[in-house]
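# Coordinates in review
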Amino acid sequence: MRTALLLNDKRIAWYEDGHEKYASPGFIYAEKQGLHFGERAEQQSRVYPLNTHHSFWHRLNQDRFSRPVVNCRHAADLVFAHLSDMFESGKSGDATGQSALLLTPAGYSESQLALLSGVARHSQFQPAWMMPIPLAVVGSQLPDTELCVVVEQYQHGLTLSLIRQQQHALVCDNAQLLPDLGYFSMSNKLLQAASDAFVAQTRYNPQQNAAWEQSLYDDLPRWLTLLSQRETVIPCQLQTDSQQVSATLQALDCMDELAPSLEKLHQQWQGIKQDFDNVPVLLAGNSHLIPGLMDIFATQQVKVVGDHEIVRFASDYVSRLSSDVEPGSERSVSLVKNIHKTLLARTGNGAPAEQEHFSGGSALSSGSFSSGVYWLYQGVARSVSPDRGCRLGLIGSVVSDLSSATDTNQAHVRISGTATVEKISGLSAQLNGRDVAPGAQLVPGDVLSLGEQQVTFIAVEHDVAVEHGSQA
């Protein structure tokens, strides 16, 4: 697939044909005149902390803010605004939105994925596929072990994603989040160590001047590079109104600040590897720059996987899937749930050995196959067995025609702000283990059963428009 977005909020990156086109950190700075995004916003984050927002990707939801941020009501609006700004800032000429692959953060819930699909649909990017970043990391390397761990740092957490090999597929088992080792928290700890050094060595305290603290924050990437190179002393400088002030930051002081967080990571790691002799560790992006991280995994097989490798693999894999799978309707996004090795090994245009045939352009297609593809319709997912005829029909504002239905066991659900069971035919239905009749309303997390088949609802509302952008 030509267009891909790597959605790590440390640095949201837009790729075209495998090459980075534009990147923007997950920051928004709000002032009366409007919103500022990316690096410009990050460079104000210590000067105007109350006006700077950097957790909206991490906490993607529709919980309303106590006070709107300009015209944005909740985190979903901020994500929409950020995507819109990226497109406007990075587009070339009269470029229009193209079908895109979204590489999604580790640990996103199904409801967040569904919401993301709706948000992105209203931006100039037109998502056709989504794939979790850890799956793309492992798929690019294909380690021949039962278990693999992907480590990735986001703005508000470090994730340990467990990827298991199940028969011919790589499946994401779970993602464990360590908030203390996110970039934001780590930055605070390192800035504290630097402030202590300036106070001890000079009469200046960077924490008493927001501009000084911002200048140290902007210098953090250099510190991390030096620490990764095992430098023991890091020279730091502050520019005051009258002079330049210098201090030296000791690597040991940095490690002391990070020690409690690294100990938590060490404990998590010991719990993961206790039942396995060999657990390869894949460090995604720049996570290898976290001070002390490499020491924790010193006895394991460790490899750093760059962003370009991740995007290149994911784009190629989705292109292979696209050759076998008819794309979904204009309102659907395909979510890759596992990496199928028979598809990777395929040559020519033949279908993979265990690939099931389905028609993605219809609301009547089954939802789960050996390829690991799930369809999301405006935030509603169907998860059913491929060997049965159970189908969930979506009508009303999502798709309008069920006249071609051939299955006898169906539940028709109307989507209009809420999801309501409208008609049941064939087998009796149950909602969360209890008999259900037409008229019952569904909420995210409800499980609708038809005989032995189950359908799980992950979201029903997509109220994501912002007043100064495209309307839903």
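Fair warning: this is a prediction, and the values are worked out from it, not measured in the lab. (Residues numbered from 1 in each chain as written. Predicted model: local features only at pLDDT ≥ 70, side-chain atom pairs only at ≥ 80, totals over all residues. Heavy atoms only, no water.)

The next thing to look at is the sheet that holds strand E6 (residues 52-53). In a beta sheet, neighbouring strands pair by backbone hydrogen bonds and run either parallel or antiparallel. The strand order across the open sheet built from three strands is E5-E4-E6, with neighbouring strands paired in antiparallel fashion. Edge positions in the sheet fall to strand E5 (34-37) and E6, since each of these pairs with one other strand and no more. In the packing of helix H2 (residues 75-90) onto the sheet, the strands contacted are strand E4 (28-31), E5 and E6, and the crossing angle to E5 comes to about 65°. (Pairing = 2+ DSSP bridges. Helix = DSSP H or I, 4+ residues; strand = E, 2+ residues; numbered from the N terminus. Contact = heavy atoms within 4.5 Å. Axes fitted to C-alpha atoms, helices over the stretch in contact; angles between N-to-C directions.)

Turning to the packing of H2 against helix H3 (residues 110-121), a few remarks are in order. Here H2 crosses H3 at 45°, and the two axes come no closer than 9 Å. Comparing their axes, H3 and H2 come out oblique. Considering how the two elements wind past one another, H2 and H3 form a crossing that is right-handed. Judged by residue contacts, Ala 76, Val 79, Phe 80 and Leu 83 of H2 engage Leu 115, Val 119 and Ala 120 from H3. (Parallel < 35°, antiparallel > 145°, perpendicular 65-115°, else oblique. Left-handed = near helix turned anticlockwise from the far one by under 90°.)

We now examine H2. Its 16 residues give H2 an end-to-end C-alpha distance of 22 Å, which sits within 8% of 22 Å, the value for a rise of 1.5 Å per residue. Most of H2 sits inside the fold, with 13 of its 16 residues counted as buried. (Expected span 1.5 Å × (residues − 1). Buried < 20%, exposed > 50% of the residue type's maximum accessible area, 1.4 Å probe, protein only.)

Attention now goes to the layout of surface pockets. What the largest pocket holds in volume is close to 550 Å³. Around the largest pocket sit 25 residues that line it, and Lys 10, Arg 11, Tyr 183, Pro 221 and Asn 286 are the ones nearest its centre. Among the elements of the structure, strand E3 (19-24), helix H1 (38-42), strand E9 (147-154), helix H5 (183-201) and helix H7 (220-228) are those that each provide at least two residues to the lining of the largest pocket. At three residues, the largest contribution of residues to the lining of the largest pocket is made by H7. Residues that form the lining of the largest pocket fall into these classes: 11 nonpolar, eight polar and six charged. Contributing to the lining of the second largest pocket are 19 residues, with Leu 50, His 53, Phe 65, Arg 67 and Val 69 lying nearest its centre. Put simply, the parts of the chain that give the lining of the second largest pocket at least two residues each are E4 and H2. Here the lining of the second largest pocket is composed, by residue class, of nine nonpolar, six polar and four charged. (1 Å grid on protein atoms, 1.4 Å probe; cavity = no way out; pocket = protein on both sides within 12 Å on 5 of 7 lines; lining within 4 Å. Points joined across faces, edges and corners; volume = space filled by probe spheres on them. Nonpolar A, V, L, I, M, F, W, Y, C, P; charged D, E, K, R; others polar.)

Let us now look at the sheet that holds strand E10 (residues 157-166). Sheet architecture is open: six strands sit in the order E15-E14-E9-E10-E11-E17, paired in mixed fashion. Pairing within the sheet leaves two strands with one partner each, and these edge strands are strand E15 (302-305) and strand E17 (338-340). Across the sheet, the mean angle from the axis of one strand to that of its neighbour is 25°, orientation sign disregarded. Helix-sheet contacts for helix H8 (residues 251-273) involve E9, E10, strand E11 (169-178) and strand E14 (281-284), and the interaxial angle to E10 is about 10°.

In this section: the environment of Asn 61. As for its placement among the helices and strands, Asn 61 is situated in the loop between E6 and H2. Accessibility expressed as a relative area gives 26% for Asn 61, which makes it partly exposed. Separated by 55 residues in the primary sequence, Asn 61 and Leu 116 place their C-alpha atoms 9.0 Å from one another. Those residues in contact with Asn 61 that lie beyond four places of it in its chain are His 74, Ala 75, Ala 76 and Leu 115. A polar atom in the side chain of Asn 61 sits 3.1 Å from the backbone nitrogen of Asp 63. (Polar contact = N/O pair within 3.5 Å; in protein donor to acceptor, adjacent residues only side chain to side chain.)

So, on to the packing of aromatic side chains. Within this structure, the stated rule accounts for eight aromatic pairs. Both rings, one in Tyr 204 and one in Trp 212, keep their centres 5.5 Å apart while their planes meet at 75°; by these two values the pair is edge-to-face. Taken individually, Tyr 204 and Trp 212 each receive the classification buried, so the pair is uniform in this respect. With a centroid separation of 5.0 Å and an interplanar angle of 85°, the aromatic rings of Trp 269 and Phe 297 are classed as edge-to-face. You can see Trp 269 sitting in helix H8 and its partner Phe 297 sitting in the loop between helix H9 (293-296) and E15, a full 28 residues away along the chain. The buried category is assigned to Phe 297, whose relative accessible area is 1%. Three or more aromatic residues joined by ring pairs make a cluster, and in this case those are Trp 14, Phe 87 and Phe 125. (Phe/Tyr/Trp six-rings, centres within 6.5 Å; stacked < 30°, edge-to-face > 60°.)

With that settled, consider the pattern of salt bridges. This model, assessed by the stated rule, comprises 12 salt bridges. The salt bridge partner of Asp 77 is Arg 73, with a shortest N-O separation of 2.8 Å. Each member of the pair, Asp 77 together with Arg 73, is buried. Of the charged contacts in the structure, one is a salt bridge between Lys 264 and Asp 180, with a shortest N-O distance of 2.8 Å. One end of the pair, Lys 264, is in helix H8; the other, Asp 180, is in the loop between E11 and H5, and 84 residues separate them in sequence. Overall, the relative accessible area of 44% leaves Lys 264 in the partly exposed class. By relative accessible area, which is 27% here, Asp 180 ends up partly exposed. (Salt bridge = Lys/Arg side-chain N within 4 Å of Asp/Glu carboxyl O.)

The general pattern is negative phi for most residues beyond glycine and trans for most peptide bonds. Positive phi, normally seen in glycine, also occurs at Val 70, with a value near 55°. Position of Val 70 among the secondary structure elements: in the loop between E6 and H2. Positive phi, normally seen in glycine, also occurs at Arg 230, with a value near 65°. Mapped onto the fold, Arg 230 is located in the loop between H7 and strand E12 (233-239). Residue classification places Arg 230 among the exposed residues on the basis of a relative accessible area of 57%.

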